[in-house]
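Next come the chains, spelled out residue by residue.
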Amino acid sequence: MQDTITAVIQASDERGQYLDDAAISQLQCYFASGQRRMDAAATLCTHAATIVQDAVSQSMPASEMLQAGGKGSRRYAACIRDLDYFLRYATYAMVAGSPSILDERVLDGLKETYLALGVKIEATIEAIQAMKQVTFRVLGDDIGQEMAQYFDYICDGLA
């Protein structure tokens, strides 16, 4: 995983240069937004269960949830588990200011695993998009926009 600080420093190091004005500006922006990102992470932690349940309710048809033989309830539980996982790691990415953790901990092999298990990728993407909308409502415009990019990153990685 690489956060914004590490990425900026590594890029300068690879060029064998001191931090230039652009690098310093990028770091200043990251530090200036630190409290806002921490507040958002605390809000997401407090509301995580509701965010996930609302997203599942919006994205999974009631007919699937109520299927005979418990198949619907297993799908519902798996959807909640996976969305909770995606929300948690998207929150980590937002705090770090970098999607790199999503590559390492979420996307690496996920599409292949879902395809092997017969999980509908389109339905998963739809559920993540629903969670993005619910999260946006919980966080508001400013930080909601920032958080949205990490959900989109996950969706792009699954597509």
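Quantities reported herein were computed from a predicted structural model and do not represent experimental measurements.

Quick notes on the overall build of the protein chain
Counting secondary structure elements, the protein chain contains 9 helices and 0 strands. Mapped in sequence order, the helices and strands of the protein chain form the string α-α-α-α-α-α-α-α-α. Taking all 159 residues of the protein chain together, the buried fraction comes to 38%. For the protein chain, long-range pairs separated by at least 24 residues make up 67% of all intrachain contacts whose partners lie at least 6 apart in sequence. When the accessible surface of the protein chain is totalled, it reaches about 8900 Å², and 54% of it is carbon and sulfur. Taking the average location of the 13 positive side-chain charges in the protein chain and that of its 21 negative ones, the two points are 10 Å from each other.

Remarks on the UniProt feature "binding site: (2R,3E)-phycocyanobilin" (unreviewed entry) in the protein chain
Under the UniProt annotation, the feature "binding site: (2R,3E)-phycocyanobilin" (unreviewed entry) is placed at Asp 39, Arg 74 and Cys 79. Maximum C-alpha separation among the annotated residues is 33.7 Å over a sequence range of 41 residues, too wide for a single clustered spot. Residues from the annotated list that form part of the lining of the largest pocket: Arg 74 and Cys 79. Mapped onto the fold, Arg 74 is located in helix α5 (residues 71-96). Residue classification places Arg 74 among the exposed residues on the basis of a relative accessible area of 56%. A residue is classified by how much of its surface remains accessible, and Cys 79, at 17% relative accessible area, is buried. Contact partners of Cys 79, with chain neighbours within four places excluded, come to Val 56, Met 60 and Ala 127.

Structural notes on the packing of aromatic side chains
Two aromatic rings are characterised by how far apart their centres lie and by the angle between their planes. This model, assessed by the stated rule, comprises 4 aromatic pairs. Relative to Tyr 89, the ring of Tyr 85 lies with its centre 5.0 Å away and its plane at 65°, an arrangement referred to as edge-to-face. Of this pair, Tyr 85 and Tyr 89 both sit in helix α5, 4 residues apart, which is roughly one turn of that helix. Using a relative accessible area of 29% as the deciding quantity, one classes Tyr 85 as partly exposed. Judged by its relative accessible area of 10%, Tyr 89 falls in the buried class.

Points about the nonpolar core
Counting 38 residues, the largest nonpolar core has Leu 83, Phe 86, Leu 87 and Met 131 as the members making the most contacts within it. For this core, the secondary-structure elements that each account for two or more residues are α3 (34-59), α5, α6 (100-107), α7 (110-117), α8 (121-139) and α9 (141-158). Apart from residues no more than four positions distant in its own chain, Phe 86 is found in contact with Val 106, Leu 110, Tyr 114, Thr 124, Ile 128, Met 131 and Ile 154.

Some remarks on the side chain of Ser 12
The topology assignment puts Ser 12 in helix α1 (residues 4-15). The residues touching Ser 12, leaving out its near neighbours within four places in the chain, are Gln 17, Tyr 18, Leu 19 and Ala 23.

Some details on the side chain of Glu 146
Summarising the element assignment, Glu 146 is placed in helix α9. By relative accessible area, Glu 146 is classed as buried at 15%. Apart from the residues within four sequence positions on either side, Glu 146 is in contact with Arg 36, Arg 37 and Met 94.

So, the pattern of salt bridges
Tallied over the entire structure, the rule returns 5 salt bridges. Where Asp 152 meets Lys 132, a salt bridge forms, and the shortest distance between an N and an O atom there is 2.7 Å. Of this pair, Asp 152 sits in helix α9 while Lys 132 sits in helix α8, and the two are 20 residues apart along the sequence. Judged by its relative accessible area of 13%, Lys 132 falls in the buried class.

What counts and how
- Per-chain numbering applies: the sequence of each chain, read as written, is numbered from 1 onward.
- A pLDDT threshold of at least 70 governs which residues receive local features in this predicted model, and a stricter bar of 80 or more applies before side-chain atom pairs are shown or counted, although totals over entire chains, interfaces and linings include all residues.
- The basis for every side-chain value is the complete set of non-hydrogen atoms in the structure, without hydrogens or water.
- Helix and strand labels come from DSSP, where a helix needs a run of H or I of at least four residues and a strand needs a run of E of at least two; each type is numbered from the N terminus.
- Each residue's exposure class comes from its accessible area (1.4 Å probe, protein chains only) as a fraction of the maximum for that residue type: buried when under 20%, exposed when over 50%, partly exposed otherwise.
- The criterion used for residue contact is that any of the two residues' heavy atoms lie within 4.5 Å.
- Method for areas: the Shrake-Rupley scheme with a 1.4 Å probe, in which residue coverage is limited to the protein chains shown.
- Within this scheme the basic residues Lys and Arg register as positive and the acidic residues Asp and Glu register as negative, but His and the chain ends are omitted.
- By convention, charge coordinates are those of NZ in Lys, CZ in Arg, CG in Asp, or CD in Glu.
- UniProt positions are given in the numbering used here, feature names are shortened, and annotations may be inferred rather than shown by experiment.
- Only protein atoms enter the 1 Å grid used here. Points where a 1.4 Å probe fits but cannot escape make up a cavity, open sets with protein on both sides within 12 Å along at least five of seven lines make up a pocket, and a residue lines them when an atom lies within 4 Å of a point.
- Between 30 and 60 degrees the pair is tilted, below 30 it is stacked and above 60 it is edge-to-face, where a pair is any two Phe, Tyr or Trp rings, Trp via its six-membered ring, whose centres lie within 6.5 Å.
- For the purposes of this section, nonpolar cores are sets of buried Ala, Val, Leu, Ile, Met, Phe, Trp, Tyr and Cys residues that join through side-chain atoms within 4.5 Å.
- By salt bridge we mean one thing: a side-chain nitrogen of Lys or Arg within 4 Å of a carboxyl oxygen of Asp or Glu.

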